Amino acid sequence: FEETGYKVKITRKVAKYYLRSGRKTHLFLCKIISGEASTGSETKDIGFFDIKNLPEPHHPAIPEWVSETLANNSKVIKREIRPISKKLILTQLFKNPILVAKFFLIKMGVHINS
């Protein structure tokens with residue numbers, strides 16, 4: 001709600017991803033039950049997109065997470081987040097240099113306001 005303005009109902013927990021550092025990311029499939037799109041301190045814009053034509057830039061794991069959500073498995077996926085390859089980093093660096101720079105700054109613990 002705080003990031004989108006929408007109240008949702010969780011229909012399914014899709015996955016629990018974890019990093020070697022111990023941090024976890026949970027992926028849920030949700031249904032909007034009320035609210036209107038509104039931005040906040042962590043959100044620049046809100047939109048709905050064709051799942052096969054997601055806007056760039058986006059996190060490299062997003063297509064995989066969408067695919068796992070659409071697979072509609074009854075069991076929750078529990079696995080480590082796959083590392084990002086050097087090739088993918090270089091590809092993203094040329095496509096989205098600012099995004100890659102922000103990613104590495106955040107990894108180094110630098111707080112970014114964008």
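Above this text is the structure in question.
These numbers come from a predicted model, not from an experiment.

A. Here's a closer look at the nonpolar core. Counting residues in each nonpolar core, the largest one holds 8 residues, listed as Val14, Ala15, Tyr17, Leu27, Ala61, Trp65, Ile77 and Ile81. For this core, the element with the highest residue contribution is strand β1 (residues 6-18), accounting for 3 residues. Setting aside residues no more than four positions away along its own chain, Tyr17 makes contact with Arg23, Lys24, Thr25, Leu27, Trp65, Glu68, Ile77, Arg79 and Ile81.

B. Structural view of a nonpolar patch on the surface. Where nonpolar side chains cluster on the molecular surface, the patch consists of Val8, Ile32 and Phe48 and spans about 300 Å² of accessible area. Note on placement: Ile32 falls in strand β2 (residues 24-35). With relative accessibility at 39%, the residue Ile32 sits in the partly exposed group.

C. Structural view of the pairing of β2. As paired strands, β1 and β2 are joined by 11 bridges and run antiparallel to one another. Paired with Tyr18 across the bridge in β2 is Lys24. From the end of β1 to the start of β2, which pair antiparallel, there are 5 residues, and Gly22 there has a positive phi angle of about 105°.

D. Representation of the pattern of salt bridges. Under the definition given, this model contains 2 salt bridges. Glu68 is the partner of Arg79 in a salt bridge, and the nearest nitrogen-oxygen pair spans 2.9 Å. Here Arg79 is found in strand β3 (residues 77-80), whereas its partner Glu68 is found in helix α1 (residues 62-70), with 11 residues between them in sequence. Taken as a pair, Arg79 and Glu68 share a single burial class, namely buried. Taken together, the shared-partner salt bridges in this structure form one network comprising Glu64, Glu68 and Arg79.

E. Examining the pairing of β1 more closely. Summarising the sheet, β1 and β3 pair through 4 bridges and their orientation is parallel. Bridge pairing in β3 links Ala15 to Ile77.

F. Focus on the packing of helix α2 (residues 86-95) against helix α3 (residues 97-107). Two elements in contact, α2 and α3, have axes whose closest approach is 5 Å; the angle formed by their N-to-C orientations is 125°. In terms of orientation, α2 and α3 fall into the oblique class. Along the contact surface, α2 presents Ile89, Gln92, Leu93, Phe94 and Lys95, while α3 presents Pro97, Val100 and Phe104. Residues of the contact of α2 with α3, tallied by class, amount to 6 nonpolar, 1 polar and 1 charged.

G. Molecular detail of the side chain of Thr69. Tracing the backbone through its elements, the reader meets Thr69 in helix α1. Judged by its relative accessible area of 15%, Thr69 is buried.

H. Structural detail: the packing of aromatic side chains. The final tally for this structure, using the stated rule, is 2 aromatic pairs. An angle of 15° between the planes, with centres 5.1 Å apart, marks the rings of Tyr17 and Trp65 as stacked. On the criterion of sequence distance, the pair formed by Tyr17 in strand β1 and Trp65 in helix α1 is long-range, its members being 48 residues apart. The pair Tyr17 / Trp65 is uniform in exposure class, with both members buried.

Thresholds applied
Residues numbered from 1 in each chain as written. Predicted model: local features only at pLDDT ≥ 70, side-chain atom pairs only at ≥ 80, totals over all residues. Heavy atoms only, no water. Core = buried A, V, L, I, M, F, W, Y, C linked by side-chain atoms within 4.5 Å. Buried < 20%, exposed > 50% of the residue type's maximum accessible area, 1.4 Å probe, protein only. Helix = DSSP H or I, 4+ residues; strand = E, 2+ residues; numbered from the N terminus. Contact = heavy atoms within 4.5 Å. Patch = residues over 30% accessible without salt bridge, like charges linked within 9 Å, V, L, I, M, F, W, Y side chains within 5 Å. Areas by Shrake-Rupley, 256 points an atom, 1.4 Å probe, with all protein chains shown as cover. Salt bridge = Lys/Arg side-chain N within 4 Å of Asp/Glu carboxyl O. Pairing = 2+ DSSP bridges. Axes fitted to C-alpha atoms, helices over the stretch in contact; angles between N-to-C directions. Parallel < 35°, antiparallel > 145°, perpendicular 65-115°, else oblique. Nonpolar A, V, L, I, M, F, W, Y, C, P; charged D, E, K, R; others polar. Phe/Tyr/Trp six-rings, centres within 6.5 Å; stacked < 30°, edge-to-face > 60°.

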